Amino acid sequence: MLEIFPVNSPQPHSMVGDKARGEMNAFQRNESKETLFTFISAGDDPPKGDFPVQKKSPKLCGSNYPLSIAFIVVNEFCERFSYYGMRAVLTLYFLSFFHWDENLSTAVYHAFSALCYFTPVVGAIMADSWLGKYRTIIYLSIVYVAGHLIKSVGAIPSLGNQVVHVILSMVGLFLIALGTGGIKPCVSAFGGDQFEEEHTSERSKFFSIFYLSINAGSLISTFVTPVLRVVFIAGSGLYRKTPPQGNILLEVCKCIGFAIKNRLKNRSSQIPKRDHWLDWASEKYSKQLIGEIKMVTRVLFLFIPLPMFWALFDQQGSRWTLQATKMNADFGIYVLQPDQMQFLNPLLILVFIPIFDLGLYPLINMCKFNFTPIRKMATGMILAGMAFGLAAIVEVKINETDMPRLVPEESLIRVLNLAKNPVQVTIQDKDLFQQPVEAFQNPAEYSKLLLNGEQQSLSFTLQYQGLSLPFNYTMKEKLVYSLIVFEAEGDLSSRLITDLEAKPENGLAAVRFINGLNQDVNLTIDSKWFIAVQRNYSASEYSLLERDKYNNGKCITEMGEFPLELGLLDFGASYTIVITNVSGGAVKTWKSEDIKANNVHMAWQLPQYLLISAGEVMFSITGLAFSYSQSPASMKSVLQAGWLLTVAVGNTFVLVVAQTAPMAQWAEFVLFTVLLFAVCIIFSVMGYFYVSVDPEDLEEKEEKRETPSRGNMISLVTQKTKL
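Think of each chain on its own: its residues are numbered from 1, step by step along the sequence as written. With the structure being a predicted model, the display of local features is reserved for residues of pLDDT at least 70 and the display and counting of side-chain atom pairs for 80 or more, all residues being used for whole-chain, interface and lining totals. Only heavy atoms go into the side-chain values, all of them from the structure, while hydrogens and water stay out.

J.: Got a minute to help me understand the overall build of the chain in this structure?
T.: A count of helices and strands for the chain gives 18 helices and 21 strands. Only the protein chains shown count as covering a residue, and every accessible area follows the Shrake-Rupley method with a 1.4 Å probe. By element, 59% of the accessible surface of the chain is carried by carbon and sulfur atoms, the whole surface being about 34,500 Å². Secondary structure elements are taken from DSSP: a helix is a run of H or I of four residues or more, a strand is a run of E of two residues or more, and numbering for both begins at the N terminus.

Dropping the structure here:
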């Protein structure tokens, strides 16, 4: 039987045979030939009101690409421009400005990153149930800009104390996370909405262009670009704006909850089983909604292993940046800053996207290999795991120049002989320094000194030119010492001073001075550093300097002002510079390298960046397009938010590891490598049983399946009723 509902005039259901057929013919005679009918699923109410007609956007240069996507791509470029420009220096900002340690800086960095990918849920709810995608992007962009401004104010050194700086910075980061995360599920889905249904191939390529804009913005990012967000608003008149369709996410949660509750209530074996556990919600929810939720849950289940990829990927801004601070960054014509190594990732993405889309993928297709999205994503996981394997190898090489890790009841000691002749050093009950130490001999490696408690008083004996001189010093555990031997007024003397226990952070060089003159000196380094050192082999505190050649210093004594040349102070090294005498109008110095400079070049990070960038192209771009293509029209923002949540979970996992399971950095890299390979196997097995679907085809099948459920009744709705 046919049920006909003219728009704004719903009719009651009736069961008449030929009479209904005659009434329908009479109705048809009064309608134009343009009258359209729409199938309504069984159990659904007929739609009310007018059906909006989507306008067609002008095309770009005669292609099938809507002009509106140009504004979306430029907006995404600007957004990434500001976000990555801020995030690139965030870890070093925590280290240098707040003076936090590496683990805390890493934890807060990944907490911020995780928050940026939890807030897409908020954006998806706002877009689908309240504001729509366009207004959500606009309003949260304003929040985004406010976060940048507050974060900038929090970084002003003269504004308040550290508590004020931390509070302002955290508030700013929270607003940035809310802004950037809230628009994430909207922008890509909003871009996909601009294409007509017949232009699916162009829509697929759009996601590559969209990802290209992300990395172009990341490559040349600076801090002032949030103001460029006006570009997105400028294209307002060209967009296809899909109105919000109710609180989809809430409906999904309610439907799932009702299905589970209903299933638990009906566990009797006498009750017929249903094809799918979500079918237990059919008493309350429409079959169309249930069918759409089935599509979404199938994909979300496939997303479960994905966070591990992001756990590795986002460590480029934390662990890999910290690794770069312990490397040699001198590229000859330019000295690269540790955080600048991150530019390699967006640069390589810009190179790889056209190579993969125009070269690699077509070549694989020519070889008749079915390179499905699941296989692309699994390949991306393997490449990321290999990248972290290389990072572990690089970390092992870096550690070769580190100071030994000290344990309780243990310290390190060495001897600096600043006298004119060799000296033999003997320590009570210790078998150290078997050979005499020559005058101004470059010191050997530190010797390990075992104590009988937290501290111990030890007797030192110095044999010098036939004389045996005793000295007593108290040694404390977990400290590093230098025993200075020198001549003062014709007699041999000594002094025990403490050295640095670890390499200077952030690639800086540490330098201290020992004044061997019989008068106080004032030193000036590079017209910025002023150091006063007392006479008779007194030692200054360490000063931290940028890696450079310092040959324009000054040494001011009672006799006058003299030039001071220090030479190269290299990355991560620690130096002791002894002022020995003044002769010929110049200061004579002797330089000792206490801690070796970073000897692993930063270029060794290039292979790991190559691998993880190639993995990102295969994993992230493919996953973004896959999540869009596998979701019903009404739930694209929901599934995009689900995709972004995998990033949040991955960052949360890094945060937990950094805070609860401290280990050597190379071991941590190996741990993540093994975990990703294991997850890749699980994902590949899950993907083998996953069958890609077209949401539109499933909706049509669902409609056909529902038609006979009401006794072969077809409900029709006229969309035009003009005579």
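J.: Where do I start with the sheet that holds strand E4 (residues 424–427) in this structure?
T.: Across a sheet, strands are paired by hydrogen bonds formed along the backbone, either parallel or antiparallel in direction. An order of E4-E6-E7 is seen for the three strands of this open sheet, with the pairing classed as antiparallel. Across the chains shown, the open sheet's two edge strands, defined by having one partner strand only, are E4 and strand E7 (467–476). Sheet twist, expressed as the average angle between the axes of neighbouring strands with direction ignored, equals 25°. Should DSSP find at least two bridges between two strands, the strands are taken to pair. Axis definition: a line fitted to C-alpha atoms, limited for helices to the stretch in contact. Angles are taken between N-to-C directions and run from 0 to 180 degrees.

J.: Quick question: what am I supposed to make of a positive patch on the surface here?
T.: Each patch is built from salt-bridge-free residues with over 30% relative accessible area, joining like charges within 9 Å and nonpolar side chains (Val, Leu, Ile, Met, Phe, Trp, Tyr) within 5 Å. Think of a salt bridge as a Lys or Arg side-chain nitrogen and an Asp or Glu carboxyl oxygen that are within 4 Å of each other. Counted charges follow a simple rule, with Lys and Arg positive, Asp and Glu negative, and His plus the chain ends left uncounted. Charge positions come from single atoms, namely NZ of Lys, CZ of Arg, CG of Asp or CD of Glu. Side chains of Lys254, Lys261, Lys265 and Lys284 sit close together on the surface and give a patch of like positive charge. With respect to the helices and strands, the residue Lys261 is situated in helix H9 (residues 248–265). Residue classification places Lys261 among the partly exposed residues on the basis of a relative accessible area of 48%. Think of it in three bands: residues with accessible area under 20% of the maximum for their type are buried, residues over 50% are exposed, and the middle band is partly exposed, with areas taken using a 1.4 Å probe on protein chains only.

J.: How should the layout of surface pockets be read in this particular structure?
T.: Picture a little ball the size of a water molecule; that probe, rolled over the atoms, points out where space is still empty. Points on a 1 Å grid, built from protein atoms alone, make a cavity when a 1.4 Å probe fits but cannot get out and make a pocket when they are open with protein on both sides within 12 Å along at least 5 of 7 lines; residues with an atom within 4 Å of a point are the lining residues. Grid points are joined across faces, edges and corners, and a volume is the space filled by probe spheres set on the points. The computed volume of the second largest pocket comes to approximately 960 Å³. Taken together, 30 residues make up the lining of the second largest pocket; nearest its centre are Glu102, Lys326, Asp402, Arg405 and Ala502. Among the elements of the structure, helix H4 (102–118), helix H12 (319–324) and helix H17 (665–688) are those that each provide at least two residues to the lining of the second largest pocket. All residues other than Ala, Val, Leu, Ile, Met, Phe, Trp, Tyr, Cys, Pro, Asp, Glu, Lys and Arg, Gly among them, are scored as polar; the first ten of these are nonpolar and the last four charged. Of the residues that constitute the lining of the second largest pocket, the class distribution is 11 nonpolar, eight polar and 11 charged.

J.: Got a minute to help me understand the pairing of strand E11 (residues 521–525) in this structure?
T.: When you tally the buried positions in E11, you get four out of five residues, the bulk of the element. Bridging between E11 and strand E12 (residues 529–533) involves five bridges; their strand directions are antiparallel. Paired with Val521 across the strands is Val533, a residue of E12. Hairpin geometry of E11 and E12 is characterised by an intervening segment of three residues between the two adjacent antiparallel strands and by a positive phi of about 55° at Asp526.

J.: So what exactly am I meant to see when it comes to unusual backbone geometry here?
T.: Generally, phi is negative for residues other than glycine and the peptide bonds are trans, each holding for most cases. One non-glycine residue, His99, lies in positive phi territory at about 60°. Mapped onto the elements of the fold, His99 is located in the loop between helix H3 (90–96) and H4. With relative accessibility at 63%, the residue His99 sits in the exposed group. We note that Phe433 has phi near 55°; this positive angle belongs to a residue other than glycine.

J.: How do you make sense of the sheet that holds strand E5 (residues 447–450) when you look at a structure like this?
T.: Taken together, four strands build an open sheet; the order of strands is E5-E3-E8-E9 and the sheet is mixed. Two strands lie at the open edges of the sheet, namely E5 and strand E9 (491–498), each paired on one side alone. The average angle at which neighbouring strand axes cross in this sheet is 30°, direction not considered. As judged from the four bridges shared by strand E3 (residues 410–417) and E5, these two strands associate in the antiparallel manner. Considered in E5, the bridge of Leu412 is made with Lys448.

J.: What is the right way to look at the confidence of the model for the chain in this model?
T.: Any region with low pLDDT has predicted coordinates that should not be read closely. Looking at any residue, its pLDDT shows the predictor's confidence there, from 0 to 100. Looking at the chain as a whole, its pLDDT mean stands at 79, while 78% of the residues score no less than 70. Residue contacts are counted whenever heavy atoms from the two residues lie within 4.5 Å of one another. Confidence drops under pLDDT 50 across residues 222–233; counting only partners more than four residues distant or on other chains, this segment forms 32 contacts. In the model, residues 707–723 has pLDDT below 50 throughout and makes 56 contacts with residues more than four positions away in sequence or in other chains.

J.: What should I look at first to understand the packing of helix H14 (residues 373–398) against H17 in this one?
T.: Helix-helix packing is characterised by the crossing angle of the two axes and by the distance between the axes. Where H14 contacts H17, the axes come no closer than 8 Å and their chain directions differ by 165°. As far as their axial angle goes, H17 and H14 are roughly antiparallel. When you trace H14 past H17, the crossing you get is left-handed. Each residue belonging to the contact of H14 with H17 can be placed in one class, and the counts come to 20 nonpolar, six polar and one charged. For this classification, under 35 degrees means roughly parallel, over 145 means roughly antiparallel, 65 to 115 means roughly perpendicular, and everything else is oblique. The hand of a helix crossing depends on one turn: near helix anticlockwise from the far one by less than a right angle means left-handed, and clockwise means right-handed.

J.: Where do I start with the packing of aromatic side chains in this structure?
T.: Two aromatic rings, taken as a pair, are described by how far apart their centres are and by the angle between their planes. For Phe, Tyr and Trp, where Trp contributes only its six-membered ring, two rings pair if their centres lie within 6.5 Å, and the inter-plane angle classes them as stacked under 30 degrees, edge-to-face over 60, or tilted in between. Under the defined criterion, the tally for this structure stands at 30 aromatic pairs. Look at Phe356 and Tyr361: their rings are 5.9 Å apart centre to centre, the planes differ by 80°, and that puts the pair in the edge-to-face class. For the pair formed by Phe356 and Tyr361, the shared burial category is buried. Seen from their ring centres, Phe440 and Trp590 are 5.4 Å apart, and the 80° between their planes marks the pair as edge-to-face. With a gap of 150 residues between them, Phe440 in the loop between E4 and E5 and Trp590 in strand E20 (residues 586–595) connect regions that are remote in the sequence. A relative accessible area of 32% places Phe440 in the partly exposed class.

J.: Just to check I follow, could you spell out the packing of helix H13 (residues 344–366) against helix H15 (residues 606–629) for this structure?
T.: At their nearest, the axes of H13 and H15 sit 9 Å apart, and the two run at 55° to each other. The orientation of H13 with respect to H15, classified from their angle, is oblique. For the crossing formed where H13 meets H15, the hand is right-handed. The residues of H15 that touch H13, namely those facing Leu344, Asn345, Leu348, Ile349, Phe352, Ile353, Phe356, Leu360 and Tyr361, are Leu606, Tyr609, Leu610, Ser613, Ala614, Glu616, Val617, Met618, Ile621 and Thr622.

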